[in-house]
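Descriptive analysis of the structure
So the chains spell out like this:
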Amino acid sequence: MNMPLPHAPLQHLDERLSSASNITPHIRITPQSAHIGALISGVNLKQALSAAEVHTIRSALLRWKVIFFRDQHLSHEQQIAFSRQFGELTPGHPVFGHVEGFPELYSIAKHRKANRHSGQAEQRPWTGWHADVTAAHNPPAASILRGVTIPPYGGDTQWTNLAAAYEALSKPLQAFLQGLRGEHRFSAPQGATASQEYLDLVRDNTLISEHPLVTIHPETGEKVLYISPGFLKSIVELSTRESRVLLELLWEHAVSSEFTVRFKWETGSLAFWDNRSTAHVAPQDIFALEFDRQLYRTTLVGEVPRGADGRSSTAIQGNPVLAAHGAAY
């Protein structure tokens, strides 16, 4: 991704986006909520983008955290080519594999988790919310998801802005959190039982990392509440009860509706989100419907997060998630 800005509150991000938009007036950017989400139109993602177009799209991503495109009916090859204009691509998924013949692509199918868990997961306001692969030492910088088979209704995805969530906390709590770190790992959702297949995959591709609870975004300089509910299991050095109560407070706060946006998919839709400053949740209503749902994801290689206290994340187990190019499959 781009070199970091030394300090970039929203005003500076707005100025950067305004300047970029002046150079690419054909690209229209329509915000979708107060804190997160913008719809981008006026550009054809099947074609190679100009440097100015890449800069405008990247500027919109940094400002609005997740950006959406409509009517972009890309092939696997075209999605990969579009994604590569914004950074190196990781393997489809470091634990669960990739689409055959496309090492950079991960299938988001309706029943992709059917063989991973059994039983009913405990339902909390934050259940299912996560940032992608934060168990890795260097989680992906961004994810790009393309809709191919979309139900006529249902199946919406939601995102939340974790930088805005941090800013909304009280100053004393912000200061307290800046010295804390959390352990991220793969595990079955609370209340569900992991299948042997899932346990074998996680064992053979173990990823465990310790990340700061408050990170500094490497491009915008924003402080981010780095608390991926699906992966963050405990706060280091706190007692079990202290950790659980504090995490539940933060998770409930982070997924408050004021920080979120909800996207209704259509065939040909594309969502591109900053994985360093957002969390998202996949829809559960699709399992009450008979319709199929199929999307495909690429992810950009990320760097090791750095905390507001200046300390970087620590790898406990597993290798960094590096680029997929050159891999032999």
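Note that this is a predicted model, so its numbers are computed, not measured.

Positionally, K110 belongs in the loop between β4 (106–109) and β5 (117–118). Sequence-wise, K110 and R293 are 183 residues apart; in three dimensions their C-alpha atoms are separated by 5.2 Å. Contacts of K110, omitting those with residues within four sequence positions, involve I286, F287, L289, E290, F291, D292 and R293. Engagement of the side chain of K110 in a polar contact is seen with the backbone oxygen of L289, the distance being 2.7 Å.

Now for the sheet that holds strand β7 (residues 157–161). Spatial strand order, β14-β7-β16: three strands in an open sheet with antiparallel pairing. The open sheet has two edge strands with one neighbour each: β14 (260–263) and β16 (278–281). Put simply, the sheet's adjacent strands are angled 20 degrees from each other on average, direction ignored. Examined bridge by bridge, β7 and β14 share four bridges and lie antiparallel to one another. Counterpart to Q158 in the pairing with β14 is R262.

Okay, helix α3 (residues 76–84) next. Within the span of α3, buried status applies to H76, Q79, I80, F82 and S83. Angular distribution of buried residues about the axis of α3 spans 160 degrees; they occupy a single face of the element. Packing partners of the buried residues in α3 comprise β6 (142–149), β15 (270–274) and β17 (294–300).

Judged by pairing direction, the sheet is mixed, and its seven strands sit side by side in the order β1-β2-β3-β15-β6-β17-β4 without closing on themselves. Single-partner strands in this sheet number two, and they are β1 (28–31) and β4. Strand-to-strand twist across the sheet, computed as the mean angle between neighbouring axes with direction ignored, equals 25 degrees. Here strand β3 (residues 66–69) runs beside β15; their pairing, made up of four bridges, is antiparallel. Considered in β15, the bridge of F69 is made with L270. Strands in contact with α3 are β6, β15 and β17; relative to β17, the strand with the most contacts, it is inclined by about 30 degrees.

Reading the values: the criteria
- Residue positions within a chain follow its written sequence, with the count starting from 1.
- Only residues with pLDDT of at least 70 are given local features in this predicted model, and only at 80 or more are side-chain atom pairs given and counted; all residues enter the totals for whole chains, interfaces and linings.
- Only hydrogens and water are set aside when side-chain values are computed; all heavy atoms of the structure are taken into account.
- The helix count covers DSSP runs of H or I at least four residues long, the strand count covers runs of E at least two residues long, and both are numbered beginning at the N terminus.
- Only heavy atoms enter the contact rule, under which two residues are in contact if any of them lie within 4.5 Å.
- Two N or O atoms form a polar contact when they lie within 3.5 Å of each other; inside protein one atom must be a possible hydrogen donor and the other a possible acceptor, and for residues adjacent in sequence the pair counts only when both atoms belong to side chains.
- When DSSP finds at least two bridges between two strands, those strands are taken to pair.
- Comment: axis = line fitted to C-alpha atoms, over the contacting stretch for helices; angle = value between 0 and 180 degrees taken between N-to-C directions.
- Each residue is assigned to one of three classes by its accessible area relative to the maximum for its type, calculated with a 1.4 Å probe on protein chains only: buried under 20%, partly exposed between the two thresholds, exposed over 50%.
- This arc is built from the directions going out from the helix axis to the C-beta atoms.

Read these as spatial facts, not as claims about activity.
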